[in-house]
Amino acid sequence: MNLLDERFFSSELARPLRVLEVGCGTGEFSALVKNHYKDKVAVTAVDPSDAVLSANKDIGVDYRKGTIMDIEGLFDVCLFTKSLHHCDPLPATLEKTYALLDIHGLCIAEEVDWSRMETDSATWLTDRLDLIHSARCLQTRDAPSHMQYVHREGEHEHVTHEHNHQHRHQGHSHDHGHQHGTNRMAVLLDTSLTGPERWEKLGFGQSHRGMQTLPSIMQELHRLFGQENVKVPSYVPLFSGFLPMLGLEASDTGISVLKTFLAQEEQAVQAGVIRALGVNIVAEKK
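Report on the accompanying structure.

Each value, and the rule that gives it
- Residues numbered from 1 in each chain as written.
- Predicted model: local features only at pLDDT ≥ 70, side-chain atom pairs only at ≥ 80, totals over all residues.
- Heavy atoms only, no water.
- Axes fitted to C-alpha atoms, helices over the stretch in contact; angles between N-to-C directions.
- Helix = DSSP H or I, 4+ residues; strand = E, 2+ residues; numbered from the N terminus.
- Parallel < 35°, antiparallel > 145°, perpendicular 65-115°, else oblique.
- Contact = heavy atoms within 4.5 Å.
- Nonpolar A, V, L, I, M, F, W, Y, C, P; charged D, E, K, R; others polar.
- Salt bridge = Lys/Arg side-chain N within 4 Å of Asp/Glu carboxyl O.
- Buried < 20%, exposed > 50% of the residue type's maximum accessible area, 1.4 Å probe, protein only.
- Pairing = 2+ DSSP bridges.

A short note on the packing of helix α4 (residues 119-134) against helix α7 (residues 195-202)
In a pair of packed helices, the angle between the axes and the distance between the axes together describe the arrangement.
Alright, step 1. Direction vectors running N to C along α4 and α7 enclose 95 degrees, while the axes themselves pass 7 Å from each other. For the element pair α4 / α7, the angle class is roughly perpendicular. Along the contact surface, α4 presents T119, A122, T123, L125, T126 and D130, while α7 presents G195, P196, R198 and W199.
Alright, step 2. Here the residues of the contact of α4 with α7 sort into 4 nonpolar, 4 polar and 2 charged.

Overview of unusual backbone geometry
Alright, step 1. Cis geometry is adopted by the peptide bond preceding P89, which originates at D88 and carries an omega value of 5 degrees.
Alright, step 2. With respect to the element layout, P89 can be found in the loop between β4 (75-81) and α3 (90-100).
Alright, step 3. Phi is positive for K38, close to 55 degrees, though the residue is something other than glycine.
Alright, step 4. Relative to the elements of secondary structure, K38 occurs in the loop between α2 (28-37) and β2 (41-47).
Alright, step 5. In this structure, H104 takes a positive phi of about 70 degrees despite not being glycine.
Alright, step 6. Of note, H104 is situated in strand β5 (residues 101-112).

Details of the pattern of salt bridges
Alright, step 1. Taken as a whole, this structure holds 11 salt bridges when the rule is applied.
Alright, step 2. When the shortest N-O distance is used, the salt bridge between D102 and R18 registers 2.8 Å. Here D102 is found in strand β5, whereas its partner R18 is found in strand β1 (residues 17-22), with 84 residues between them in sequence.
Alright, step 3. For D102, a relative accessible area of 24% translates into the label partly exposed.
Alright, step 4. Taken together, the shared-partner salt bridges in this structure form one network comprising R15, R18, D76 and D102.

Side note on α2
Alright, step 1. Taken across its 10 residues, α2 has 8 buried, putting it largely inside the fold.
Alright, step 2. Residues of α2 that are buried: E28, F29, S30, A31, L32, V33, K34 and Y37.
Alright, step 3. Phi turns positive, to about 55 degrees, at K38, one or two residues after α2.

Regarding the side chain of T126
Alright, step 1. Inspection of the secondary structure puts T126 in helix α4.
Alright, step 2. Owing to a relative accessible area of 2%, T126 belongs among the buried residues under this scheme.
Alright, step 3. Excluding its chain neighbours within four sequence positions, the residues that come into contact with T126 are L188, G195 and R198.

Structural notes on the sheet that holds strand β11 (residues 278-284)
Note on sheets: strands pair through backbone hydrogen bonds, and any given pair is parallel or antiparallel.
Alright, step 1. One open sheet holds the 7 strands; their spatial order is β3-β2-β1-β4-β5-β11-β10, and the pairing between them is mixed. Since the sheet does not close on itself, it has two edges, and those belong to β3 (62-65) and β10 (230-236), each with one partner. Each neighbouring strand pair of the sheet contributes to a mean axis angle of 15 degrees, computed without reference to strand direction.
Alright, step 2. For β10 and β11, the ladder comprises 5 bridges, and the chain directions are antiparallel.

Written as structure tokens, this is what we have:
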């Protein structure tokens, strides 16, 4: 949200900022944006799964079940919070995004650059997962946890809920749990393998039917917005998001573990011990 502050709220706006979140799941991030900016924003959030039906309607967000293709109107910001790689076909999704954006509007996508993963990072991750698992804080099971997770902006921490849902765009369905669910993620807890071996067996970064790669996303953004208008301002820690997927217990202890893990991950990234895999992409319509 620092980007929104710098870009849109450094001076008084004549009207509320129009924000669309695509692939909102159960709607926690949209609620976070609305709660933070109050009447300064008008937030619409869409998701193709039934998960959106459980969103808190009292927060003031316009939650809708559907896809971006069902949305009309103009927006100042379109957000994809780790959902753009599920959109198939990608060109049609981003063409619709471009059409929905007003002039100087921003498409902001949180994505993952799996190519940045290397041996030291895999070992760092699995060493900590083994320790947390040995303390019986991970409740691995068929259904991923709805454990809370920490979203950090600057000096502020926000605790919201991890969501797991299907993404269906343009007639194709992708179960988020299939790619990131507990069954598949459990290989990260296999102590018979080294950290790098577990990561390789997990297969993140490999091509999956209907799953978009970061290069393909960047290529389409460059085509539509122009390469000079597409920026990658920052890489951010990602590993903490694996803990809810592995069934981190929904308790005060679990939340404390998650916050400590995130703090350690940020310190390790800053010290150059591991590499941040999360990538924030910003494309401006001019």
